[in-house]
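# A look at the structure
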Amino acid sequence: MDLSLTPAHEALRRRLRTWLAANLPRSRRDDRSVEYGEPERIPAAKAWQRKLYEAGFVAMRWPREYGGQGADVLEQTIVDDELVRAGAPGLIGLLGVEMLGPTLIEWGTPEQKRRFLPPVLTADEIWCQGYSEPDSGSDLASLRTRAELDGDHFVVNGQKVWTSYAHLADWMFCLVRTDPEAPKHAGISYLLIDMRSAGITVRPLVQMTGDAGFNEVFFEDVRVPQANLVGGLNNGWQVANATLAHERNMLGATTRTQQTFQSLLRLARTHGRGGRSASADPVVRQHLADLAIRVETMKLEAYRQLTDSLRGRPSGIAASINKLVTTELNHDLARTALDILGSYGPLGRRDARVRDRGVWPLDYMFSLGLIIGGGTSQIQKNIIAERGLGLPREARPGR
Ligand SMILES: Cc1cc2nc3c(=O)[nH]c(=O)nc-3n(C[C@H](O)[C@H](O)[C@H](O)COP(=O)(O)OP(=O)(O)OC[C@H]3O[C@@H](n4cnc5c(N)ncnc54)[C@H](O)[C@@H]3O)c2cc1C
């Protein structure tokens, strides 16, 4: 593993630092509240993504012909790290940039790429992911939302659930059943659906954080042009899996976890407990040491994967490992913070005595959802066992 940076890499880091110092408003630094639950903040979030894109720091790994920078994985990692270190807000169009975009670049028609990629970059069009249904989460291939061809349109009927961003999205990348007679993985197609089409109803679901970040989405005779089919009829499972690997990598990003651990250490050193700082308590120290080892292991695994990627080796089950390790670690970090805070833990954001602007209880609740979203921990363990360790396949196929 050789991760020494070239002069060009160092220059990129300096350029971004300078740009952030000039362009990231102080009021938006370290603002970790859940943006999509607060509709009044959407215009500012879109403006931020556009600004970042115009400066050349969004979707850096996309080829130049599609609006990216043709960057290598190390350049992308430098940019991701710097944004997190500066406390920059996340991208509101994240699902478009990280999931739909790379999938369309691989599977889309030239016309689909021309039409859909530019507004993904500028956040002019926000995307949501229509995969899960009431009885199809882990066993995603059992999904039942139907799409039948009628002339040059599909007619879609059915229901999706847990659809993050659907209440503010312009478009959905959606899995539908187009051949009910075929084996379940072989009868699925991948459609791009305009969320303003007649026949779509979106009902927000309130999470335990109090935000309504995800939704139920109902389709009643929704007409979708055949030109919005990606990857061919009944070939949606292959396309869907390309998107899922991108999703797991996105959820498994490690820099933010390292930052959260540093915040936890600061909290332990400064929060009083029994007349001394919490970090002096042997039980707390034991927890912190355990977490430090996990954070360090996660970081070294990320470096190992980066090396593999730079050498062109296939990523294998890396996305599942990252997703499993990072989401569980994030939850344990927040839980330890709440243990340290004791009765201060549940205080609301507006309470004068609240610590760290009230992010810990929010992180605790939200991180639990991310252990489930994108395929649960149990499903990632199945994938690692079967595809990574070569253990026997379990009877029921997972996500
Ligand atoms: C915050 C959040 C955001 C989400 N956003 C989206 C979104 O934008 N779009 C979207 O399509 N979906 C989204 N989801 C849905 C998510 O993908 C599903 O919740 C997830 O795949 C699990 O499906 P399920 O909820 O139906 O649980 P189930 O599949 O019913 O699972 C229930 C339990 O059984 C376990 N289990 C199931 N099968 C197996 C097995 N084979 N082996 C071992 N254990 C098993 C699971 O691990 C889980 O503990 C989101 C979920 C959350 C929490």
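Please refer to the structure placed before this passage.
By convention here, each chain's residues receive numbers from 1 onward along its written sequence. Only residues with pLDDT of at least 70 are given local features in this predicted model, and only at 80 or more are side-chain atom pairs given and counted; all residues enter the totals for whole chains, interfaces and linings. Side-chain numbers here rest on the full set of heavy atoms in the structure, without hydrogens or water.

## What about the overall build of the chain?
What counts, and what does not: Secondary structure elements are defined from DSSP: runs of H or I of at least 4 residues count as helices, runs of E of at least 2 residues count as strands, and each element is numbered from the N terminus. For the radius of gyration, the atom set is restricted to C-alpha positions; the globular benchmark scales as 2.2 Å times the number of residues to the power 0.38. Each residue is assigned to one of three classes by its accessible area relative to the maximum for its type, calculated with a 1.4 Å probe on protein chains only: buried under 20%, partly exposed between the two thresholds, exposed over 50%. We call two residues contacting when some pair of their heavy atoms lies within 4.5 Å. Each accessible area is a Shrake-Rupley result for a 1.4 Å probe, and residues are judged covered by the shown protein chains and nothing else. Counted as positive: Lys and Arg. Counted as negative: Asp and Glu. His and the chain ends are not counted at all. Charged groups are reduced to one reference atom each: NZ for lysine, CZ for arginine, CG for aspartic acid, CD for glutamic acid.
In terms of helices and strands, the chain carries 11 helices and 10 strands. Whereas a compact globule of 399 residues would reach a radius of gyration of roughly 21 Å, the chain reaches 22 Å, a difference of no more than 12%. Along the longest, intermediate and shortest principal axes, the C-alpha atoms of the chain span 75 × 50 × 45 Å. Classification of the 399 residues of the chain by burial places 51% in the buried group. A sequence separation of at least 24 residues applies to 73% of the contacts in the chain between residues at least 6 apart. Entry remark: accessible area of the chain is about 19000 Å², with carbon and sulfur atoms responsible for 52%. Across the chain, the mean location of the 50 positive side-chain charges is 6 Å away from that of the 47 negative side-chain charges.

## Concerning the side chain of Thr254
Along the chain, the position of Thr254 falls in the loop between helix H6 (236–251) and helix H7 (255–270). Ignoring sequence-local partners within four residues, the contact set of Thr254 consists of Met298, Ala302 and Thr326.

## With respect to the site of the ligand
Our working definition: We call a residue near a molecule or strand as soon as one heavy atom of that residue lies within 4 Å of the molecule or strand. Polar contacts here mean pairs of N or O atoms no more than 3.5 Å apart (in protein, one a potential hydrogen donor and the other a potential acceptor; neighbouring residues in sequence count only if both atoms are side-chain atoms). Under the scheme applied here, ten amino acids are nonpolar (Ala, Val, Leu, Ile, Met, Phe, Trp, Tyr, Cys and Pro), four are charged (Asp, Glu, Lys and Arg), and all others, including Gly, are polar.
As a structural note, the neighbourhood of the ligand is formed by 20 residues, with Ser132, Ser138, Trp162, Thr376 and Gln378 the closest of them. Residue Ser132 places a main-chain N or O atom 2.7 Å away from an oxygen atom belonging to the ligand. Residue Trp162 places a main-chain N or O atom 2.9 Å away from a nitrogen atom belonging to the ligand. The fraction of the free accessible surface of the ligand (970 Å²) that becomes covered by protein chains is 75%. Within the residue set of the shell around the ligand, elements represented by two or more residues are helix H10 (359–372) and helix H11 (377–388). In terms of residue count, the dominant contributor to the shell around the ligand is H11 (3 residues). The class makeup of the residues in the shell around the ligand is 5 nonpolar, 12 polar and 3 charged.

## Structural notes on the nonpolar core
Nonpolar side chains tend toward joint burial in soluble globular proteins. Spelled out, the test is: Grouping buried Ala, Val, Leu, Ile, Met, Phe, Trp, Tyr and Cys residues that are joined through side-chain atoms within 4.5 Å yields what is termed a nonpolar core.
In terms of nonpolar packing, the biggest core is built from 71 residues, with Phe57, Val156, Tyr190, Leu191, Leu192, Ile193 and Phe219 touching the most fellow members. The next biggest cluster of nonpolar side chains, apart from the first, holds 20 residues, and it includes Ala268, Val284, Leu329 and Leu333.

## Digging into the packing of helix H8 (residues 282–310) against helix H9 (residues 318–341)
Each pair of packed helices can be described by the angle between their axes along with the distance between the axes. Counted only if it meets this: Axis definition: a line fitted to C-alpha atoms, limited for helices to the stretch in contact. Angles are taken between N-to-C directions and run from 0 to 180 degrees. Put simply, angles under 35 degrees are roughly parallel, angles over 145 are roughly antiparallel, angles from 65 to 115 are roughly perpendicular, and the rest are oblique. Handedness of each helix crossing follows the sense of rotation of the near helix against the far helix: counterclockwise by less than a right angle gives left-handed, clockwise gives right-handed.
Packing of H8 against H9 leaves a shortest axis separation of 11 Å and a crossing angle of 155 degrees. The orientation of H8 relative to H9 falls into the category roughly antiparallel. Judged by the twist between their axes, the crossing of H8 over H9 is left-handed. Residues Val284, His287, Leu288, Leu291, Arg294, Val295, Met298, Glu301 and Gln305 of H8 touch H9, and the partners they reach there are Ala318, Ile321, Asn322, Val325, Thr326, Glu328, Leu329, Asp332, Leu333, Thr336 and Ile340. Its residues placed into classes, the contact of H8 with H9 shows 11 nonpolar, 5 polar and 4 charged.

## Overview of the pairing of strand S5 (residues 188–194)
Selection criterion: A pair of strands is labelled paired if DSSP reports no fewer than 2 bridges between them.
With 6 of its 7 residues buried, S5 lies for the most part within the structure. Sheet analysis places strand S4 (residues 171–177) next to S5, joined by 7 bridges and oriented antiparallel. For Leu175, the partnering residue across the bridge sits in S5 and is Tyr190.

## Regarding the packing of aromatic side chains
What counts, and what does not: Pairs were defined over the aromatic rings of Phe, Tyr and Trp, the Trp ring being its six-membered one, requiring ring centres within 6.5 Å. Orientation was assigned from the angle between planes: stacked under 30 degrees, edge-to-face over 60, tilted for the rest.
Applying the stated criterion across every chain yields a total of 9 aromatic pairs. Here the aromatic rings of Tyr131 and Phe173 are separated by 6.2 Å at their centres, their planes lie at 85 degrees, and the arrangement is edge-to-face. A residue pair is termed long-range when its members are at least 10 positions apart, and Tyr131 in the loop between strand S1 (127–130) and strand S2 (146–150) and Phe173 in strand S4 qualify at 42 residues. Neither residue differs from the other here; Tyr131 and Phe173 are each classed as buried. A ring pair is formed by Phe173 and Tyr190, whose centres lie 6.2 Å apart and whose planes are at 10 degrees; its orientation type is stacked. Of this pair, Phe173 sits in strand S4 while Tyr190 sits in strand S5, and the two are 17 residues apart along the sequence. When its relative accessible area of 0% is taken as the criterion, Phe173 is described as buried. Ring pairing ties together the aromatic residues Phe116, Trp127, Tyr131, Trp171, Phe173 and Tyr190, which thus form one cluster.

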